[in-house]
Amino acid sequence: MNQRREDTVTGPPAAIVWFRRDLRLADNPALRAARDAGMRIVPVYIHAHEEETPWAPGGASRWWLHHSLAALDRDLRRHGSGLVIRRGPSLEALRRLARETGAGAVHWNRLYEPAAIARDGAIKQTLRQDGLDAHSHNAALLFEPWALQTQSGGPYRVFTPFWKACLGLGLAENAAPPPEALALMAAESESLNTLGLLPQRPWADAFADHWQPGERGAQDALATFLDRAAADYAAGRDLPSERATSRLSPHLHFGEIGPRQIAAAAQAHMARSTDRGTFSGLETFLRELGWREFAHHLLFHFPQTSERSLDARFEAFPWTRDHASRLEAWQRGRTGIPLVDAGMRELWHTGWMHNRVRMVVASFLTKNLLTPWQAGARWFWDTLLDADLANNTLGWQWTAGCGADAAPYFRVFNPVLQGRKFDPQGRYLRRWLPELARLPDKDLHAPWEASAQTLQHAGIRLGRDYPNPLVDLAVSRKQALAAYQSIKTA
DNA sequence: TGAGTCTTGCA
DNA sequence: GCAAGACTC
């Protein structure tokens, strides 16, 4: 039945643009489609996190979302009218808003998590039955997950051939300029503050020192990266003490910038650049964008993998039986392994962790502590500002060795060696572990190996000022290899 | 997007 | 005595 209300609204017809994780005005296909159709646009965000169960946004993500919505509202107001905020259920909110505004169309950009796919599909069908034009678009990916397949017709499971296929298609096609003018239409709105997205505790107060959520912040991060860091990216990206990575991940998660925009800007920079280092650095950087695409490709085609290992043999993996206390020490950055603890504290205080260190802490939790990767994924989900189901799932399964194109089971990172290799002067460790700062560089990465005299001189009593190591790295490594052997041959 | 161990080659 | 490469887990 057609529920469009009688035509009491004068002027051109209206279209709802349903913002979700595409919180930008530039390169936004849903917004562009509504605008190009000559519609007045009702921009809405619907608060309905329960619809994303069991992966409703974690605490850090909600902090970012609050500020990103505030930024989008400011940007929209410059075009005449702010963001409309409503509460879910999403379907009911869209229907009510359509009735109120007389809108005849609804546009949105697609999400790729299993829960969102199911919800959005049902909503699209129902809205069309209502007589509304409901359309979804691609703003979040370079390529739709179903647009790429292997020679034999299935999804890719190995990164390198996947990325070659992407490069063959061209990365930066179809990136659009920002809309010049938007005809916006106002509607009744909740206040952003009533959504309760900000944490009650003062935990997130320092996040604002490190981040600027919103489209402007995303563009600034990209420009800064291309101007200053790109030339050093190939070497600098592995050094956690340096600010050599793009730090675009939370912006990308919330769609404040799209991968096509990033690819286009990087390729333009490469074309202008005469410096070989910049060129290869940006090539490496684009490859990281490729891992993000690959993660979404995998989650789309293997939707159970956010919960279960892709490699079914891991159903029988002998994780340690009582991991609660080990998990807590890891979460709090009190394992007694400096690089692990530094990373976990960086995460807690800034909502982010350097990628090299993410691999080390994840390897330590799953291999040295034999704790299920899902426990680590949950903690990252709640504490990372860039928490993204596809990326998080791929990262943890890759490290645990149970996913697609995973690190071989025997690849166990040694936090001491990784620290000495990638943080040789201990700048990163001293920043996050001030209690160890007075140790000489040599002993910083393994204080339990320092002489009693050195420890005393640095004012450190192990077990009191800083924990003794939770496990022996060599012994636990051997145990992990044995555990992996047991399922490999089973 | 490892690490441990052994061998080789050179000093 | 040790750096670099091969091989294994």
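Basis of the calculations
- The numbering scheme is per chain: residues are counted from 1 as the chain's sequence reads.
- Written order determines the labels here, with chains lettered from A and ligands numbered from 1.
- The predicted nature of this model means local features are confined to residues of pLDDT at least 70 and side-chain atom pairs, given and counted, to a pLDDT of 80 or more, with totals for whole chains, interfaces and linings taken over all residues.
- The side-chain numbers reported here are obtained from all heavy atoms of the structure, hydrogens and water having been left aside.
- Helix and strand definitions follow DSSP, with helices as H or I runs of at least four residues and strands as E runs of at least two, each counted in order from the N terminus.
- By this rule, a helix spans an expected 1.5 Å times one less than how many residues it contains.
- Here the term buried applies to any residue with accessible area under 20% of the maximum for its type, exposed to any over 50%, and partly exposed to those in between, with areas from a 1.4 Å probe on protein chains only.
- The cutoff for a nearby residue is simple: one of its non-hydrogen atoms must lie within 4 Å of the molecule or strand.
- UniProt positions are given in the numbering used here, feature names are shortened, and annotations may be inferred rather than shown by experiment.
- Contacts between residues were defined by any pair of non-hydrogen atoms, one from each residue, lying within 4.5 Å.
- Segment limits for the domains were obtained from an automatic or database-derived domain assignment.
- Two parts lose some accessible area (1.4 Å probe) when they are put together, and adding that loss for both gives the buried area.
- N or O atoms closer than or at 3.5 Å make up a polar contact, with two conditions inside protein: a donor-capable atom paired with an acceptor-capable one, and, for residues adjacent in sequence, both atoms drawn from side chains.
- Following the grouping adopted for this structure description, the nonpolar residues are Ala, Val, Leu, Ile, Met, Phe, Trp, Tyr, Cys and Pro, the charged ones are Asp, Glu, Lys and Arg, and the polar ones are all others, Gly among them.

1. Considerations on helix H14 (residues 355-368)
The end-to-end C-alpha distance of H14 is 19 Å, a good match for the 20 Å that 14 residues give at a rise of 1.5 Å each. Most of H14 sits inside the fold, with 13 of its 14 residues counted as buried. Looking one or two residues past H14, Leu370 carries a phi angle of roughly 50°, positive in sign.

2. Considerations on the protein's contact with DNA strand C
Residues in contact with DNA strand C, as listed here, are Tyr409, Phe410 and Gln485. Counted by atom, the contact set of DNA strand C within 4 Å of the protein is 38% sugar and phosphate.

3. Focus on the UniProt feature "binding site: FAD" (unreviewed entry) in chain A
As recorded in UniProt, the feature "binding site: FAD" (unreviewed entry) lies at Tyr233, Thr245, Ser246, Arg247, Leu248, Ser249, Phe285, Asp386, Ala387 and Asp388. The greatest C-alpha distance among the residues just named is 23.1 Å, and with 156 residues of sequence between them they are spread in space as well. Tracing the backbone shows Ser249 in helix H9 (residues 249-253). For Ser249, a relative accessible area of 28% translates into the label partly exposed. Discounting residues that sit within four places of it in the chain, Ser249 has contacts with Trp352 and Asp386.

4. Concerning the domain arrangement of chain A
Put simply, an interface is often sized by how much accessible area is lost when its parts join up. Splitting chain A by domain gives domain 1 (4-140), domain 2 (141-177 + 214-301) and domain 3 (312-488). Taken over C-alpha atoms, the centre of domain 1 sits 26 Å from the centre of domain 2. On the side of domain 2, 27 residues touch domain 1, which itself brings 23 residues to the contact. Between domain 1 and domain 2 lies a buried interface of about 2100 Å² when both sides are counted; carbon and sulfur atoms form 52% of it. Considering only the surface of domain 1 that becomes buried against domain 2, Asp27, Trp64 and Tyr112 emerge as the three largest contributors, covering 32% of it.

5. A word on the protein's contact with DNA strand B
Within the structure, DNA strand B sits among 13 residues, and Trp291, Met359, Arg411, Val412 and Phe413 are positioned closest to it. The sugar-phosphate share of atoms of DNA strand B within 4 Å of the protein amounts to 61%. A distance of 3.2 Å is found between a phosphate oxygen of DNA strand B and a backbone nitrogen or oxygen belonging to Asn414. Only helix H11 (276-301), H14 and helix H17 (415-422) provide two or more residues apiece to the surface near DNA strand B. Residues of the surface near DNA strand B, tallied by class, amount to seven nonpolar, two polar and four charged.

6. Re the environment of Asp441
Mapped onto the secondary structure, Asp441 falls in helix H19 (residues 441-444). Here Asp441 falls in the partly exposed class, since its relative accessible area comes to 35%. In sequence terms Asp441 and Arg430 are 11 residues apart; their C-alpha atoms lie 9.8 Å from each other. Asp441 has contacts with Pro424, Gln425 and Arg430, leaving out every residue within four places of it along the chain. Among the polar contacts made by the side chain of Asp441, one reaches the side chain of Arg430 at a distance of 2.9 Å.

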